[in-house]
There are 2 protein chains.
Amino acid sequence: MSAPFHFELLDCDGTARRGRLHTAHGTVETPLFMVVGTQAAVKGLTPDQLETVGVSMLLSNTYHLALRPGAELIAELGGLHRFMNWRRPILTDSGGFQVYSLAGNLKISDHAAVFRSHIDGSVLELTPERAVRIQEDLGADIAMCLDECPPHDADADALRRAVERTIHWADRCRAAHRRADQALFGIVQGGTDLELRGRCAEALTALDFPGYALGGFSVGETPQQMVAALGPSAALLPWHKPRYLMGVGRPSDIVRAVASGIDMFDCVLPTRNGRNAMAFTADGPVKIRNACHKRDAAPLESNCSCPTCRHYSRAYLHHLFLANEMLGPTLLSWHNVAFYSRLLAEIRRAIAEKRFDEFCRVSLARWGERI
Amino acid sequence: MSAPFHFELLDCDGTARRGRLHTAHGTVETPLFMVVGTQAAVKGLTPDQLETVGVSMLLSNTYHLALRPGAELIAELGGLHRFMNWRRPILTDSGGFQVYSLAGNLKISDHAAVFRSHIDGSVLELTPERAVRIQEDLGADIAMCLDECPPHDADADALRRAVERTIHWADRCRAAHRRADQALFGIVQGGTDLELRGRCAEALTALDFPGYALGGFSVGETPQQMVAALGPSAALLPWHKPRYLMGVGRPSDIVRAVASGIDMFDCVLPTRNGRNAMAFTADGPVKIRNACHKRDAAPLESNCSCPTCRHYSRAYLHHLFLANEMLGPTLLSWHNVAFYSRLLAEIRRAIAEKRFDEFCRVSLARWGERI
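What you are looking at is a predicted structure, and each value in this text was computed from that prediction instead of being measured.

(A) View of the overall build of chain A. Each helix and strand counted, chain A has 15 helices and 16 strands in total. The globule rule puts the C-alpha radius of gyration for 371 residues at 21 Å, and the 20 Å found for chain A is close to it. Taking all 371 residues of chain A together, 56% fall into the buried category. Across chain A, every contact between residues at least 6 apart in sequence was considered, and the portion connecting residues at least 24 apart equals 67%.

(B) Molecular detail of the pairing of strand β3 (residues 26–30) of chain B. Where strand β2 (residues 16–23) of chain B lies against β3(B), five bridges are found, and the strand directions are antiparallel. When the bridges of β3(B) are listed, B:L21 appears paired with B:V28.

(C) Representation of the sheet that holds strand β1 (residues 6–13) of chain A. All names here are of chain A. With respect to topology, three strands assemble into an open sheet ordered β1-β2-β3, the strand pairing being antiparallel. Looking at which strands have only one partner, the edges of the open sheet turn out to be β1 and β3 (26–30). Neighbour-to-neighbour, the strand axes of this sheet turn through a mean angle of 15°, independent of strand direction. Against the sheet, helix α14 (residues 327–352) engages β1, β2 (16–23) and β3, with an angle of about 120° to β2.

(D) Local environment of the sheet that holds strand β1 (residues 6–13) of chain B. All names here are of chain B. Ordered by their spatial adjacency, three strands build an open sheet running β1-β2-β3, and the pairing between neighbours is antiparallel. Only two strands of the sheet have a single neighbouring strand rather than two, namely β1 and β3. Along the sheet, successive strands turn relative to each other by an average axial angle of 15°, direction set aside. This element, helix α14 (residues 327–352), spans β1, β2 and β3 of the sheet and lies at about 120° to β2.

(E) Main features of the nonpolar core. Residues A:M34, A:F185, B:M34 and B:F185 are the most contacted members of the largest nonpolar core, which totals 243 residues. Aside from chain neighbours lying at most four places away, what touches B:M34 is B:M57, B:L58, B:L59, B:L91, B:M264, B:F265 and B:D266.

(F) The pairing of strand β4 (residues 32–36) of chain A, seen in detail. Residue and element names in this part refer to chain A. Taking burial as the measure, the five residues of β4 include five buried ones, the bulk of the element. The alternating pattern of β4 places L32, M34 and V36 on one face and F33 and V35 on the opposite face, and all of these are buried. The pairing of β4 with strand β14 (residues 264–267) spans four bridges and is parallel. If you follow M34 over to β14, its bridge partner there is D266. One ladder, built from two bridges, connects β4 with strand β5 (residues 58–60); its direction is parallel. Within β5, the residue paired with V35 across the bridge is L58. Tracing the backbone out of β4, into helix α1 (residues 47–52) and back to the parallel element β5 gives a crossover that is right-handed.

(G) Quick look at the environment of A:H177. Residues and elements named next belong to chain A. Topologically, H177 is positioned in the loop between α7 (156–176) and β11 (183–188). With 20 C-beta atoms counted inside 10 Å, the residue H177 sits in the buried group. Along the backbone, H177 and Q135 are 42 residues apart, and their C-alpha atoms lie at a distance of 9.5 Å. Once residues lying within four places of it in the same chain are set aside, the contact partners of H177 are V132 and L184.

Rules used throughout
Residues numbered from 1 in each chain as written. Chains lettered and ligands numbered in written order. Predicted model: local features only at pLDDT ≥ 70, side-chain atom pairs only at ≥ 80, totals over all residues. Helix = DSSP H or I, 4+ residues; strand = E, 2+ residues; numbered from the N terminus. Rg over C-alpha atoms; globule rule 2.2 N^0.38 Å. Buried ≥ 20, exposed ≤ 12 C-beta atoms within 10 Å, placed from the backbone. Contact = placed C-beta atoms within 7 Å. Pairing = 2+ DSSP bridges. Axes fitted to C-alpha atoms, helices over the stretch in contact; angles between N-to-C directions. Core = buried A, V, L, I, M, F, W, Y, C linked by C-beta atoms within 7 Å. Right-handed = clockwise from strand over helix to strand, strands pointing away.

Here it is, written out as structure tokens:
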């Protein structure tokens, strides 16, 4: 019997790669986009609705779930999959990013990150061991090491200290990790400093994780800065392991990152923009509240086979948002998630057919920086 | 070929009746509960989700749709069924009730009701002819005559004037009505004054509508007052025509009203209570925010086959409401709508098997006035 988790590399087209992740909850194709279900729910969509439009994997947030309802409670109820009724793979982050970005970050030392809950103000401590334990309780198929993610404008010294701490914590996470049915990924930090990225990647590679993430992108740097650092950073990671670019991103970011050799993505954009009345289309963003859609009998995208596009006009969606109906955010999120599913399927097909370079060029020329 | 609309009476059990409404969008079984989709959308649920739990017919509100997006726009887009993607029958009300309860009611005369829009404050006029025209534009299977619905504490004179105006308007609605694929129902007013109800029913029966509604119930009178007036009021309506009790109600109200000979109902309770974290169960209401549900692995109802009960624990639903996730209102509304579907199916079966009296007694003993 093969290990519960392994990565199978199927095709390469230049630096772009196509493969399969085999997990305890089934196999998913890469490049892969994970829809975000922060609090054990994708906002406005049921698991059935997600499966209908081809979603194969979700991401859920350790920080949020640890605070509410608590990882022990979820374990007691049979784990995150059963709790939220999702049968396919799930990845949980380590909680670190939210501690720095969302909670009141009180103190960070080599021992732990101490923070104040954004829900009830209580003071809590997150150690690498605790981050692993929480994720084992949740029972995700992929767990992430606790890392330190400094702001993009951190000075060289702060960046270096964050990298050393990230390496130290990765070592402790690996030692603490027990679940054989769960893969633990390392996270490479170092911002846009390629020397630091190299140092971090080398140290983490020595720890032989089954997969690696690039952290510290999409944290305020410009798209140009990200693109410039991405290719060289991805190249530092082991070839035969999956590579995950955390928290990215727009369709154009994803296409560029796949060209740099990235396999996995997650982002709140399809659902957040859906709630905010913005739909992704191959012709650019559609702001459905705009008056031009008031009498428009056409769907969001004429060539989209998602339920929203098959059954509803732009005029109806426009009406739902003006009337403040919950169904508006649901139907637009549904389309956006379908748009991302279709995009990733097209990316995989283009790689398989050795025409990803062309796909990349045509897509970016069509979208510009609009989506 | 039979007329697009007709009512088929199948069984009686005492005063309770079981039948079928044949409409331009298919046949539905009575007694029947219509789920409310005020603004051309059932709050938080897609048409697919409604069909999954056995919803056979919707009600939509003429007042809201006439103001936004406008009946002409909906007609231009192919009518309400296509606009909201609902294939089965729809009933629209006349808009009168909302003019009195929701809008700024400026002036009511025999000619028209003049009111101020609750959306933009504009002054508008609703005549019987306009109410019919709007509903013909919307294209519902059943349209309602414009009536005057006085408050339950109106004095005898005001009540009498409202009844006379309702009769006068029904006559004008009938004369104005053109669509052969749409049934126009008359509305009997008269509050809890049986003499006035009789006068109104007699006048409207002479106009030979294909169905009749009782209006002016559930407008502030006590449940006792409603029950006392309901049986005699229903008995005034033609036996072979469908009888619709507007805006009612709780499960216990529905069971009592079926016993009085009512065939059709509508109410916002299943969806409104669902959004407000209250679930209907045969054991009484469940307030899912209560702390007692925090660790409860059981479903809302163990014998319910709705998707919410098949897939989710009370603990998960509790979590969704505490975390303010949109999925909470959706999943609870879904269960509540399924609860009403099941209740009406049980009512129909009990009538068919000539044991409705027993069903009624057992249900009311079990629920009391709790649901």
